[in-house]
Amino acid sequence: MADSTARIVPLRAAGTAFVVELTEPVPRVLHWGADLGPLSADDLAALSLTAEPAVLNNSLDSPRRFTVWPTEADGWAGTPAHHGHLDGGAAAPRLTTTGTSVRQDAEGGELAVSLTDAAAGLDITITYRLEPSGVLAVHSEITRQPDADPAPYDLAQVTALLPLPRRAGEILDFTGKWSRERSPQRRPLAHGTYARDVRRGKPGLDSPYLVAVGVPGFGFREGEVWGVHVAWSGDQRYLVEQLPEGAGVHAAVLGGGELLRAGEVRLAPGDTHRTPVCHYAWSGAGLDGLADRFHTLLRDRPGHPRRPRPVILNSWEAVYFDHDPERLLRLADRAAEVGVERFVLDDGWFRGRRSDRAGLGDWTVDREVWPDGLAPLADHVRSLGMEFGLWVEPEMVNLDSDLARRHPEWVLAPACGAGPAARQQHVLDLSHPGVVDHLLGALDALVTEYGVAYLKWDHNREVHEAVSGPADRPAARAQVEALYGLLDTLRQRHPSLEIESCASGGGRVDLGILARTDRVWASDCNDPVERQSIQRWTGQLLPPELVGAHVGPDPSHTTARVSSDTFRLATALFGHPGIEQDITRCTDEEVARLTAWTALYRELRPLLHGGRTVRADLPGDATLLHGVVAHDGTAALYCWARVATSPEGQPGRVPLPGLDPARRYRVRVRTDVGLPSFHHRSGPAWLTEAIDDRLTLPGALLTAAGLPMPQLNPEQALLIELRQAD
Ligand code: GLA
């Protein structure tokens, strides 16, 4: 049996477990996945014994081990946990353990392992924290010993790696573009490295977002799946790697980390590099199980937004750059009338900003457009009972701005000159002395002067050639660290200020930025067909209260698609809702519907923003069923949406996911924002009863047999509410 001196540390929470054996010279990972139950000493010894794989032909002479810090010293030929060099030397790290600290709680706990590499004078600590949600947060710190060789250690890359079993054979990750973020893509896992490198200075519109590997065919409700998210707002790397010899007794690895630029992290004696946190999660209940762990993790945070999420009106698709104070006052009046709670003035309010060609950097009000400043609008908004919000893009500058004219050296660019503009703009060098202070001063003044309750913080271009002059020092990570510092200080000064992370839509959606902001703008696309998909997949990581979802104009400004307002309203309900259209031009009927919608949202807000997200596995992509179910199973709201036609004449019985089979439910179709248009002569019998709110059905029927769903015309949605029957 196992070495009797070995210690084995199991961390367990919410049906998942992570087990490490404190072997020498480096501890090894015995297990990450389903909980193995309370483990006796014999069970632990058995786990250790069965972690010892065969010795292969033409291979290492001892059984392979997958350690907490895999390197070539273990015979590991995959991506190492770190690599680098000391002035051209010390390039083969040979680690030994110098200490461990363990905290095991009823729900989770923490294991920290300290390692040292004598040749490079590096002390490394890797910390695993198993949260009560079952999410395993992994980060490490790499410190040069104070008395080490004075030459800086050039750290090339640090990657968190956790093992996957052989049955995890299919990868799901995400890609996208402007107005079409978080498009899922699947592929079989094969031998080799599947890597997603991000070099855009932010996660990007094509962010891998969350890389999941599961038993092939895993769905929303079923299948075993392992996933990772890198909580970092800059360059990053995800990988899934499988070697023929496996990874110790395991088959493959799932990795993540910040992508470091050459020469960016050079550790002098005493310096420390801290990696971003990689959040790993396992689910035995498909992607919904994985989402549930992340949503629980986020909702458990002390900084998670607790106030009811206010209905927003955003001025962008209503007026764009056409800032006429009278028109905006009227827009605010109408917003208040329909039940808006926060009015956000988007781009176009600051000096010289008559288009996207000029003005970025000059964060004072344009007196030509706003002769009396923004105070009259902000005060008016507040007098109508709404909060006032403002758009900013602090990290950016137009060359046609007073700031760029005064401080050309503040532009982030190589000494030989700035590269091509994107959206007519460049990036400010946040690592340049004075830049962050300047931005802090400007933002602080705006928030104070106008009583700004909410900043929509944008970041509209990618960061290329992130080097800081005159020596062209790599500065990609310095940008992100400075941004985090700026946000943190601003929030300390204004504790009730809320901030939205926007980057041309959903280009900066990650748990690093969300540690210091209150929601994300999921996409510039307000077209409900696109939004059904964007929100469904953004929800894989984020609960709906963190995901901005607006009702846009018709036709959609980003796709020119015409859609019914019922569908637009039903779609925007499943997020943090808002309105983004010129509602002064709405008909009386449209105004009534918007008013009913904000009332419906307020009524259902506790359920929508507190419940569990569920998504049904249906054949094909033409129809979607998703919803939110109260944790105690007493209430639910579902959206039955049809985004395209399909050959089936009728959908048949569809089980409603997440309900409690032991309860009885009142089933009610919510008609507050109208009914969808149907593709039948008469609907299934239950529908009329549910529209009239006189239907009660057993939970077991709803969850096991399902409801025969009505056939909708394309681009339509039906809202079905369930409440426990008395
Ligand atoms: C970006 C944002 C939009 C809007 C514009 C303003 O594209 O994603 O929502 O704020 O900038 O210029």
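Given the structure is predicted, the values throughout are model-derived calculations rather than measurements.

S.K.: Can you break down helix α1 (residues 41-49) residue by residue, with the values?
M.R.: Looking only at α1, the buried set comprises Leu44, Ala45, Leu47 and Ser48. Projected down its long axis, α1 carries its buried residues within an arc of 160 degrees, all on one side. In this structure, the buried side of α1 is in contact with β1 (8-13), β2 (16-21) and β3 (28-34).

S.K.: Lay out the sheet that holds β1 with the relevant residues and their values.
M.R.: The strand order across the open sheet built from three strands is β1-β2-β3, with neighbouring strands paired in antiparallel fashion. Lying at the two open borders of the sheet, with one neighbouring strand each, are β1 and β3. In this sheet, neighbouring strand axes are inclined to one another by 10 degrees on average, regardless of whether the strands run parallel or antiparallel. Pairing of β2 with β3, which is carried by six bridges, proceeds in the antiparallel orientation. The residue bridging alanine 17 from the neighbouring strand is glycine 33, located in β3.

S.K.: Can you explain the side chain of glutamate 241? Please cite residues and give values.
M.R.: Among the structural elements, glutamate 241 can be located in strand β16 (residues 236-247). We note that glutamate 241 is buried and unpaired, the nearest opposite charge coming from arginine 237 at a distance of 6.9 Å. Side chain to side chain, glutamate 241 and threonine 193 meet in a polar contact 2.6 Å long. In this view, glutamate 241 contacts Trp76, Gly78, Thr79, Gly192, Thr193, Ala252 and Val253; residues no more than four positions away in its chain are not counted.

S.K.: Describe the pairing of strand β31 (residues 547-551), and please don't skip the residues or the numbers.
M.R.: In terms of burial, β31 is a largely internal element, five of the five residues being buried. Judged by which residues are buried, β31 turns out to be covered on both faces: Val547, Ala549 and Val551 on one side and Gly548 and His550 on the other are all buried. As defined by bridge partners, strand β30 (residues 519-521) adjoins β31 across two bridges and the pair is classed as parallel. The partner of tryptophan 521 across the bridge, within β31, is glycine 548.

S.K.: Would you mind going over unusual backbone geometry in detail, with residue names and values included?
M.R.: Glycine aside, residues mostly have negative phi, and peptide bonds are mostly found in the trans state. The step from glycine 469 to proline 470 runs through a cis peptide bond, and the omega angle for that step is -15 degrees. Looking at the element boundaries, proline 470 is found in the loop between β27 (467-468) and β28 (473-474). Across the junction of aspartate 554 and proline 555, the peptide omega takes the value 0 degrees, indicating a cis bond. For glutamine 424, which is not glycine, the phi dihedral falls at a positive 65 degrees. With respect to the secondary-structure elements, glutamine 424 resides in the loop between α6 (402-406) and β25 (425-427). Taking the relative accessible area as the measure of exposure, glutamine 424 reaches 41% and is therefore partly exposed.

The rules we used
- Residues numbered from 1 in each chain as written.
- Predicted model: local features only at pLDDT ≥ 70, side-chain atom pairs only at ≥ 80, totals over all residues.
- Heavy atoms only, no water.
- Buried < 20%, exposed > 50% of the residue type's maximum accessible area, 1.4 Å probe, protein only.
- Helix = DSSP H or I, 4+ residues; strand = E, 2+ residues; numbered from the N terminus.
- Arc of directions from axis to C-beta.
- Contact = heavy atoms within 4.5 Å.
- Pairing = 2+ DSSP bridges.
- Axes fitted to C-alpha atoms, helices over the stretch in contact; angles between N-to-C directions.
- Lys, Arg positive; Asp, Glu negative; His and termini not counted.
- Salt bridge = Lys/Arg side-chain N within 4 Å of Asp/Glu carboxyl O.
- Polar contact = N/O pair within 3.5 Å; in protein donor to acceptor, adjacent residues only side chain to side chain.

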